[in-house]
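# Summary of the model geometry
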Amino acid sequence: MKNSTANIVAQTMSARWYSGASEAWKIWARLCWQLWLHGRLDIEWSYDNIHLFGGNPENITLGGPSAGSYSTQFQLCHEFNYAVKPLIKRVIQYSNAIPAQPKSIEESQEAFDGLLEAFHIPLELGGAEKLRKLRAIPAEDLMDLIMKLETYDQIRDGRFARKFKERDMAIIIGEVEKEELLYGATNPPSSVDALSVQLNNYYPTSQVALIREMYGLSKLAGLSGDAEDLAELHELYGKVVADGQVYVPSRALVQSLFENGVGMERILRYRLSWRPKGTDRIAMFCPEVTHSDDTWAWWYSKRYGFEASDCAIAQAWLAPVSAFFAGDLDKASSLWWGASGVPQCPRRQRALQKTQEVGTIDDDRWDRCMGIGGAVKA
């Protein structure tokens, strides 16, 4: 990358779909499989061909934001569980981690059937015909409807962490200041019952009842549906999903890694609480920093309109990231934790604070999130 002290080749991934399955649940399973498979094929293609672009196939860092972070962790699980050549050297998980054991195919069948019914596709059709009809629907219509539909064992037992340590891997993992704002505005529920349906989209049915109890959702049953009540419901929804998708699982992963002997020199935690003024033109919740508002900080996005001071902040933030990409993990750790040194407990985070200062902070969300994680785990 230009203006970087490390020679980095960046590659993005995309997915393609195809299926010859004959039943609805097989289509669903095959689509999920293909989403993972194409990611794996991209990684393998990079390993085989990145030297043609000046890259080093033995120095692959895999990462992604949100669902990309989720996918990153699954790709690493694959390397840990199967006799395949290990290609991934280190990972970056921006604002997400695996929150629970994924829903089974059977649990996902209802959502798939709901999609078919919404487009008036008969459920009795064969799988190939269902897929043919879905493919005939414009992508814009599919996306519009899906946004309106109301539709982890390896982390828990330490196997993932032990494999991580055996391979001497490193991770950058963290969040922005207010993840919940975007989650609360994305396909928000119109009632408490609808909120439960939405949660079923994210989590196994067995956990939704527990979540309802933990967050006191039953107390909201009498909401009138006016603007003020809906705002309260949407705020709570954002908090629940942000906890479940980002705050709680990322800390559970950090705790598992640390308990299994991975030191904080290999666990580089972060929190971003500030962004340049120039990013206001693409931000939904000015001046707050919410889910996906941190692209500028990882890719030095001067096109947003950086001032000189913004450039200096971005360069300071990225200095250890550049070393991380290069595989110089000792340098990355030293720059990441700075004068305070490598912490001896997992509660510390490197932070870009609202004051524009870069330093380390104590994680004020740790106790609450670990309490939630413990309750769900039990």
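Residues numbered from 1 in each chain as written. Predicted model: local features only at pLDDT ≥ 70, side-chain atom pairs only at ≥ 80, totals over all residues. Heavy atoms only, no water.

Quick look at the packing of aromatic side chains now. Under the criterion given, the structure shown has 12 aromatic pairs. With 6.2 Å between their ring centres and 50° between their planes, Trp45 and Phe53 make a pair best called tilted. On the basis of relative accessibility, which here comes to 53%, the residue Phe53 falls in the exposed class. Linked through ring pairs, Tyr94, Tyr270, Trp298, Trp317 and Trp336 together constitute an aromatic cluster. For Arg350, the ring lying beneath its charged end belongs to Trp317, and the centroid distance is 4.3 Å. The ring of Trp336 has Arg350 lying over it, and the distance from NZ or CZ to the ring centre is 4.8 Å. (Phe/Tyr/Trp six-rings, centres within 6.5 Å; stacked < 30°, edge-to-face > 60°. Buried < 20%, exposed > 50% of the residue type's maximum accessible area, 1.4 Å probe, protein only. Lys NZ or Arg CZ within 6 Å of the ring centre and 35° of its normal.)

The next thing to look at is the sheet that holds strand β5 (residues 348-352). The six strands lie next to each other as β1-β2-β3-β4-β5-β6, forming an open sheet whose pairing is mixed. Both edges of this open sheet fall to β1 (60-65) and β6 (358-362), since each of them pairs with a single strand only. When the angles between neighbouring strand axes are averaged without regard to direction, this sheet yields 25°. Direction of pairing for strand β4 (residues 267-272) relative to β5: parallel, over a ladder of three bridges. (Pairing = 2+ DSSP bridges. Helix = DSSP H or I, 4+ residues; strand = E, 2+ residues; numbered from the N terminus. Axes fitted to C-alpha atoms, helices over the stretch in contact; angles between N-to-C directions.)

Attention now moves to the nonpolar core. Of all hydrophobic cores here, the largest spans 54 residues; its most connected members are Phe164, Ile172, Leu257 and Trp298. Top contributing element to this core by residue count: helix α13 (residues 308-326), with nine residues. Dropping the residues within four chain positions of it, Trp298 is found in contact with Tyr94, Ile172, Tyr270, Leu272, Trp317, Leu318, Val321 and Trp336. Core analysis: the second largest hydrophobic core is formed by 20 residues, Leu217, Leu220, Val246 and Val248 among them. (Core = buried A, V, L, I, M, F, W, Y, C linked by side-chain atoms within 4.5 Å. Contact = heavy atoms within 4.5 Å.)

Time to look at the environment of Pro287. Tracing the chain through its elements places Pro287 in the loop between β4 and α12 (295-299). What makes Pro287 exposed here is its relative accessible area of 68%. Counting along the chain gives 13 residues from Pro287 to Trp274, while the straight-line C-alpha distance between them is 8.6 Å.

Relative to the assigned elements, Ser69 resides in helix α2 (residues 67-81). For Ser69, a relative accessible area of 0% gives the class buried. Those residues in contact with Ser69, other than ones at most four positions away along the chain, are Gly64, Gln93, Tyr94, Asn96 and Ala97.

Within a regular beta strand, the side chains point alternately toward one face of the sheet and then the other, so they alternate between its two faces. Residues Ile60, Leu62 and Gly64 line the buried face of β1, whereas the alternating positions Thr61, Gly63 and Pro65 sit on a face that is not buried. Relative to strand β2 (residues 88-94), β1 runs parallel, the two being bridged by six bridges. In the strand pairing of β2, Pro65 is matched with Tyr94. Each parallel crossover has a hand, and the one from β1 via α2 to β2 is right-handed. (Right-handed = clockwise from strand over helix to strand, strands pointing away.)

It is worth spelling out the environment of Tyr247 at this point. Following the sequence through the fold, Tyr247 ends up in helix α11 (residues 227-259). A sequence separation of 72 residues divides Tyr247 from Glu175, and the C-alpha atoms of the two residues are 7.5 Å apart. Within the local environment of Tyr247, its side chain forms a polar contact with the backbone nitrogen of Glu179, the two atoms lying 3.0 Å apart. Of the polar contacts made by the side chain of Tyr247, one reaches the side chain of Glu180; its length is 2.7 Å. (Polar contact = N/O pair within 3.5 Å; in protein donor to acceptor, adjacent residues only side chain to side chain.)

Where helix α14 (residues 329-337) is concerned, the buried positions are Leu329, Ala332, Ser333, Trp336 and Trp337. In an axial view of α14, the angular spread of the buried residues amounts to 105°, which keeps them on one side of the axis. Two residues or fewer past α14, Gly338 is found with a positive phi of approximately 65°. (Arc of directions from axis to C-beta.)

Moving on, we come to the packing of α13 against α14. At their nearest, the axes of α13 and α14 sit 7 Å apart, and the two run at 165° to each other. Between α13 and α14, the interaxial angle falls into the category roughly antiparallel. Crossing angle aside, the handedness with which α13 passes α14 is left-handed. Residues Ala319, Pro320, Val321, Ala323 and Phe324 of α13 lie in contact with α14, whose contacting residues are Leu329, Lys331, Ala332, Leu335 and Trp336. Within the contact of α13 with α14, the residues separate by chemical class into nine nonpolar, no polar and one charged. (Parallel < 35°, antiparallel > 145°, perpendicular 65-115°, else oblique. Left-handed = near helix turned anticlockwise from the far one by under 90°. Nonpolar A, V, L, I, M, F, W, Y, C, P; charged D, E, K, R; others polar.)

With six of six residues buried, β4 is to be regarded as a mostly interior element. In β4, alternate side chains face the same way, and those of Ile267, Arg269 and Arg271 on one face and Leu268, Tyr270 and Leu272 on the other are all buried. Judged from the six bridges that link them, strand β3 (residues 171-176) and β4 form a sheet pairing that is parallel. Opposite Ile173, over in β4, you have Arg269 as the bridge partner.

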